Amino acid sequence: MQIKLIVDPILSWYRREKRILPFRLTSNPYKIWLSEVMLQQTRVNTVIPYYNSWIKSYPSLASVAKAKISSLLKIWEGLGYYSRCKNFHKACKIVVNDFQGIVPSKLENFIALPGVGEYTAAAVLSIAYNKPYPVIDANVKRVLCRLLGIRNYSQYNKDRILRNLTKIIPQKYPGDFNQGIMEIGALICKSQNPDCKVCPVQQFCIANHRGCPERYPKKIKKKSVPHYEIVTGIIWRGNKFYVQKRDNNAMLGGLWEFPGGKVESDESYRTALIRELQEECGAIIKVCKKIGAVKHTYSHFSITLHLYHCIEDNNKIDLKPNMKWIKPNQVEMLPFPKANHKLFKILDESGWNV
Ligand code: SF4
């Protein structure tokens, strides 16, 4: 198969069939970059409302550079992988300081910014600046493995795909070509049940000719992730309760939470909660009723989060800048992780009072 034959069918199909998405209606490099950051590890439909509200609040790169990270995290709240937001903020500040606020169009300058990897650099530069850099994401990998009949996605084969794409990417429309392959992967050449009948490159596809496209590339079994039982307490002082901000360098850094931690193997949930709250914020507490439990999955582990009402026994919590006493209606003002929002939902339904 002559790989260059796929270019025209992909470009015409993309122009005809592409989904109309808000970040496809702009040529502004800042907006395209933001969308690519949000789309990492995240589905398009999840990203759209986040993208829209971000752009409404921060219409320009300069406005992001000026913003407080806590305000940006509030908009990002629930989208996950919060380091993306923090890196984007840092990178926008660098662009304002070192590049007069213009997203750099040179690969070496752009890829040196925080959070910009090979994929993001190629995607943004090809879409926003028409630079002929091919992208390889999960969709492109699947489509190309099938087209070229590659079962084993080794480094050698990854380089082979990249070499082929570099050779054929059109100088004039590199962004459309990249997005075309990604769109075929998202809409037609799915992991299960690819719809080969409507695929614009079916006639060139080796996996299709062999009659078993789903076997390409070979699936790698996912490792099972550990599960932890976590106890957490809502400590009341009058009509306010205690929350604390996670360390900026920790996972979910900069987000607020109820205090708590892991249950050790020899502990009851209540004993673990008393220990954790004393260790975390110096509180001696009386554990009251259990409010509920929620499950949440992160990329490398999963948790069950058990929430209890608690009352302070010693008024020993000494407030530092990363600690607050707030009322239930103030949770809207701070960014919290998604697992905490699941707890808020239970509290909204059962009533917040102890
Ligand atoms: Fe994927 Fe089928 Fe198209 Fe091949 S023909 S690229 S397997 S959808």
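Preceding block: the structure.
This structure is a prediction, so every number in the text was calculated from the model and none was measured.

Assigned secondary structure in the chain consists of 14 helices and seven strands. Dimensions of the chain, computed from C-alpha atoms along their principal axes, come out at roughly 75 × 50 × 35 Å. When the 354 residues of the chain are sorted by exposure, 49% land in the buried category. Sequence separation of 24 or more characterises 67% of the internal contacts of the chain that already satisfy a separation of 6 or more. Accessible surface for the chain amounts to roughly 18,200 Å². Of this, 50% is attributable to carbon and sulfur atoms. For the chain, the distance from the average position of its 54 positive side-chain charges to the average position of its 28 negative side-chain charges is 7 Å.

Turning our attention to the site of the ligand. Around the ligand, the neighbouring residues are Arg146, Ile188, Cys189, Cys196, Cys199, Gln202, Cys205, Asn208 and Pro213. Partitioned by chemical class, the residues of the shell around the ligand number six nonpolar, two polar and one charged.

The geometry of helix H5 (residues 69-76) relative to helix H6 (residues 83-98) is characterised by a closest axis approach of 10 Å and an angle of 140° between their N-to-C directions. With respect to H6, the element H5 is oriented oblique. In this structure, the crossing between H5 and H6 has a hand that is right-handed. Mapping the contact onto sequence places Ile69, Leu72, Leu73 and Trp76 in H5 and Arg84, Cys85, Lys86 and His89 in H6.

Further remarks concern the packing of aromatic side chains. Applying the stated criterion across every chain, the model contains 16 aromatic pairs. Between Trp236 and Phe241, the aromatic rings sit 5.4 Å apart at their centres with planes inclined by 70°, giving edge-to-face as the arrangement. We note that Trp236, like Phe241, is buried. Members of the aromatic cluster, connected to one another through ring pairs, are Tyr30, Trp33, Trp54, Tyr58, Trp76, Phe88 and Phe110. For the cation-ring pair, Lys262 lies above Tyr228, with the distance from its terminal atom to the ring centre recorded as 4.2 Å.

Once that is clear, we can look at unusual backbone geometry. Across the junction of Tyr216 and Pro217, the peptide omega takes the value -15°, indicating a cis bond. Among the secondary structure elements, Pro217 is positioned in the loop between helix H12 (206-210) and strand E1 (227-237). A positive phi is found at Gln41, a non-glycine position, where the angle reads about 60°. When you line up the elements, Gln41 lands in the loop between helix H2 (29-39) and helix H3 (44-57).

Turning our eyes to something else, we now look at a positive patch on the surface. A grouping of Arg151, Arg215, Lys218 and Lys219 is seen on the molecular surface, where their side chains present a positively charged patch. Considering the arrangement of structural elements, one finds Arg215 in the loop between H12 and E1. You can call Arg215 partly exposed: its relative accessible area is 44%.

Let us look at helix H13 (residues 269-281). With 13 residues, H13 should reach 18 Å at 1.5 Å per residue; the first-to-last C-alpha distance of 18 Å fits that figure. Turning to H13, its buried residues number three or more, namely Ala272, Leu273, Glu276, Leu277 and Cys281. Along H13, the residues classed as buried sweep out an arc of 125° about the axis, all on the same side. On its buried face, H13 is in contact with E1, strand E2 (240-245), strand E4 (260-262), strand E5 (285-297), strand E6 (302-312) and strand E7 (323-326). Backbone geometry just downstream of H13 places Gly282 in the positive-phi region, at approximately 75°.

Regular strands show a simple pattern: their side chains alternate between the two faces of the sheet. Pairing analysis gives ten bridges linking E5 to E6, with the strands arranged antiparallel. Looking across to E6, one finds that Ile285 is bridged to Glu312. Counting the residues that bridge the hairpin from E5 to E6 gives four residues.

Okay, the pairing of E6 next. Across the eleven residues that make up E6, a large majority, ten, are buried. Taken together, the ten bridges between E1 and E6 define a ladder with parallel strand orientation. Counterpart to Gly233 in the pairing with E6 is Tyr308.

Looking now at the environment of Pro49. Counting through the fold element by element, Pro49 comes out in helix H3. Accessibility expressed as a relative area gives 46% for Pro49, which makes it partly exposed. For Pro49 and Gly117, which are 68 residues apart along the polypeptide, the C-alpha to C-alpha distance reads 24 Å.

A separate point is the pattern of salt bridges. Tallying each qualifying case throughout the model produces eleven salt bridges. One salt bridge in this structure joins Glu183 and Arg19, with 2.8 Å as the shortest N-O distance. Of the two residues, Glu183 is situated in helix H11 (residues 174-187) and Arg19 in the loop between helix H1 (7-17) and H2; the sequence distance between them amounts to 164 residues. Take Glu183: its relative accessible area is 1%, and that puts it in the buried class. Measuring nitrogen to oxygen at the nearest pair gives 3.1 Å for the salt bridge that ties Glu276 to Arg275. Take Glu276: its relative accessible area is 9%, and that puts it in the buried class. Connected via shared salt-bridge partners are Glu267, Arg275, Glu276 and Glu279.

The rules we used
Residues numbered from 1 in each chain as written. Predicted model: local features only at pLDDT ≥ 70, side-chain atom pairs only at ≥ 80, totals over all residues. Heavy atoms only, no water. Helix = DSSP H or I, 4+ residues; strand = E, 2+ residues; numbered from the N terminus. Buried < 20%, exposed > 50% of the residue type's maximum accessible area, 1.4 Å probe, protein only. Contact = heavy atoms within 4.5 Å. Areas by Shrake-Rupley, 256 points an atom, 1.4 Å probe, with all protein chains shown as cover. Lys, Arg positive; Asp, Glu negative; His and termini not counted. Charge placed at Lys NZ, Arg CZ, Asp CG, Glu CD. Near = heavy atom within 4 Å. Nonpolar A, V, L, I, M, F, W, Y, C, P; charged D, E, K, R; others polar. Axes fitted to C-alpha atoms, helices over the stretch in contact; angles between N-to-C directions. Parallel < 35°, antiparallel > 145°, perpendicular 65-115°, else oblique. Left-handed = near helix turned anticlockwise from the far one by under 90°. Phe/Tyr/Trp six-rings, centres within 6.5 Å; stacked < 30°, edge-to-face > 60°. Lys NZ or Arg CZ within 6 Å of the ring centre and 35° of its normal. Patch = residues over 30% accessible without salt bridge, like charges linked within 9 Å, V, L, I, M, F, W, Y side chains within 5 Å. Salt bridge = Lys/Arg side-chain N within 4 Å of Asp/Glu carboxyl O. Expected span 1.5 Å × (residues − 1). Arc of directions from axis to C-beta. Pairing = 2+ DSSP bridges.

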